[in-house]
Amino acid sequence: MKKQTKTYVLLGLVALIWGLIGFRILGALSPQPTTAPEVSTSSFSPTSVKERDTFSIVANYRDPFLGTLATKAKKKIPVRRTAPKEIVPAVDIRYTGFITDKNTRQKVFFLSINGQQHLMSAKDKIENVTLLSGTRNTVRVRIGNKLRTVTLTQ
């Protein structure tokens, strides 16, 4: 075969292959409208369920390893448990002094709670510690639900 003949044959094969590929791509992109299949209706009747035959094993025979008869299990009496008491963590409180505002007569107390110093007046609450009242020598604080009197430290 001549060189030109081979080229024309191969060119025809390439055109045929590319034509098939293009035809498949166009067929996938624009599909034919399909009709929905027809559904036939039928009546449903459930089947009856049979009761299962049950049995129980009575193990009132002698234990083959211990040689004793089986005993009935004792009824357990429920143990009443009380709710755990609220545990208040230990709080280190130190009363270091107070100052008074001459105009309003309001007292501000210096309390050291867990190593941190705070300025508190009556009914202030910091870190679960509420200052109830105070005098020159003592303060009354509430920690959780417990009352505690703290004296002045120098």
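Residues numbered from 1 in each chain as written. Predicted model: local features only at pLDDT ≥ 70, side-chain atom pairs only at ≥ 80, totals over all residues. Heavy atoms only, no water.

Peer 1: Looking at this model, I keep getting lost on the nonpolar core. Mind explaining?
Peer 2: Nonpolar side chains in soluble globular proteins tend to end up buried together. Counting residues in hydrophobic clusters, the biggest one holds 13 residues, and the most contacted among them are Ile93, Leu111, Val129, Leu131, Val139 and Val141. Elements represented by at least two residues in this core include exactly strand E1 (93-100), strand E2 (107-113), strand E5 (129-134) and strand E6 (138-143). Residues in contact with Val129, not counting those within four places in the same chain, are Val91, Ile93, Ile113, Met120, Asp124, Val141, Arg142 and Ile143. (Core = buried A, V, L, I, M, F, W, Y, C linked by side-chain atoms within 4.5 Å. Buried < 20%, exposed > 50% of the residue type's maximum accessible area, 1.4 Å probe, protein only. Helix = DSSP H or I, 4+ residues; strand = E, 2+ residues; numbered from the N terminus. Contact = heavy atoms within 4.5 Å.)

Peer 1: Can you help me understand the sheet that holds strand E3 (residues 116-120) in this one?
Peer 2: Strand pairing within a sheet occurs via backbone hydrogen bonds; the two strands may be parallel or antiparallel. The 3 strands lie next to each other as E1-E2-E3, forming an open sheet whose pairing is antiparallel. Every interior strand has two partners, whereas the edge strands, E1 and E3, have only one. If you compare each strand with its neighbour and ignore which way they point, the axes differ by 20 degrees on average. Where E2 and E3 come together, 5 bridges link them in antiparallel fashion. The residue of E3 that forms the bridge with Ser112 is Gln117. (Pairing = 2+ DSSP bridges. Axes fitted to C-alpha atoms, helices over the stretch in contact; angles between N-to-C directions.)

Peer 1: Whenever I open this one, helix H1 (residues 3-29) confuses me. Can you help?
Peer 2: Owing to its 3.6 residues per turn, the α-helix aligns residues three or four sequence positions apart on the same side. The end-to-end C-alpha separation of H1 is 39 Å, in line with the 39 Å expected for 27 residues at 1.5 Å each. Burial analysis of H1 places just 0 of its 27 residues in the buried class, a small minority of the element. (Expected span 1.5 Å × (residues − 1).)

Peer 1: Help me understand the packing of aromatic side chains in this model?
Peer 2: How two aromatic rings sit relative to each other is given by the distance of their centres and the angle of their planes. The tally for this structure, following the rule as stated, stands at 2 aromatic pairs. Measuring from centroid to centroid gives 6.0 Å for Tyr95 and Phe109, while their planes differ by 55 degrees, and the two rings are tilted. Highlighted residues: Tyr95 in strand E1 and Phe109 in strand E2, separated in sequence by 14 residues. For the pair Tyr95 and Phe109, a shared accessibility class is recorded, and that class is buried. A ring pair is formed by Phe98 and Phe109, whose centres lie 5.8 Å apart and whose planes are at 35 degrees; its orientation type is tilted. Here Phe109 lies in strand E2 and Phe98 lies in strand E1, a separation of 11 residues in the sequence. (Phe/Tyr/Trp six-rings, centres within 6.5 Å; stacked < 30°, edge-to-face > 60°.)

Peer 1: I would appreciate a short explanation of the pairing of E6 in the present structure.
Peer 2: For a regular strand, the rule is simple: side chains alternate between the two faces of the sheet. Across the two faces of E6 the burial differs, with Val139, Val141 and Ile143 buried and Thr138, Arg140 and Arg142 not buried at all. Bridge analysis of E5 against E6 gives 5 bridges, and the strand direction is antiparallel. Residue Ser133 lies in a different strand from E6, and its bridge partner there is Arg140. Inspection of the sheet shows E6 paired to strand E7 (residues 146-151) by 6 bridges, in the antiparallel sense. The partner of Ile143 across the bridge, within E7, is Lys146.

Peer 1: Sorry, what's going on with a nonpolar patch on the surface here?
Peer 2: On the surface, Val14, Ile17, Trp18, Ile21, Ile25 and Leu29 cluster together to form a nonpolar patch covering roughly 640 Å² of accessible area. Turning to its location among the elements, Ile21 is positioned in helix H1. With a relative accessible area of 37%, Ile21 lands in the partly exposed category. (Patch = residues over 30% accessible without salt bridge, like charges linked within 9 Å, V, L, I, M, F, W, Y side chains within 5 Å. Areas by Shrake-Rupley, 256 points an atom, 1.4 Å probe, with all protein chains shown as cover. Salt bridge = Lys/Arg side-chain N within 4 Å of Asp/Glu carboxyl O.)

Peer 1: What exactly am I supposed to notice about the environment of Thr100 here?
Peer 2: Assignment of secondary structure puts Thr100 in strand E1. When neighbours within four sequence positions are excluded, Thr100 is seen to be in contact with Arg105, Gln106 and Lys107.

Peer 1: Looking at this structure, I do not really get the environment of Pro33. What am I missing?
Peer 2: Along the chain, Pro33 turns up in the loop between H1 and E1. With relative accessibility at 75%, the residue Pro33 sits in the exposed group.

Any link to function would need more than the numbers given here.
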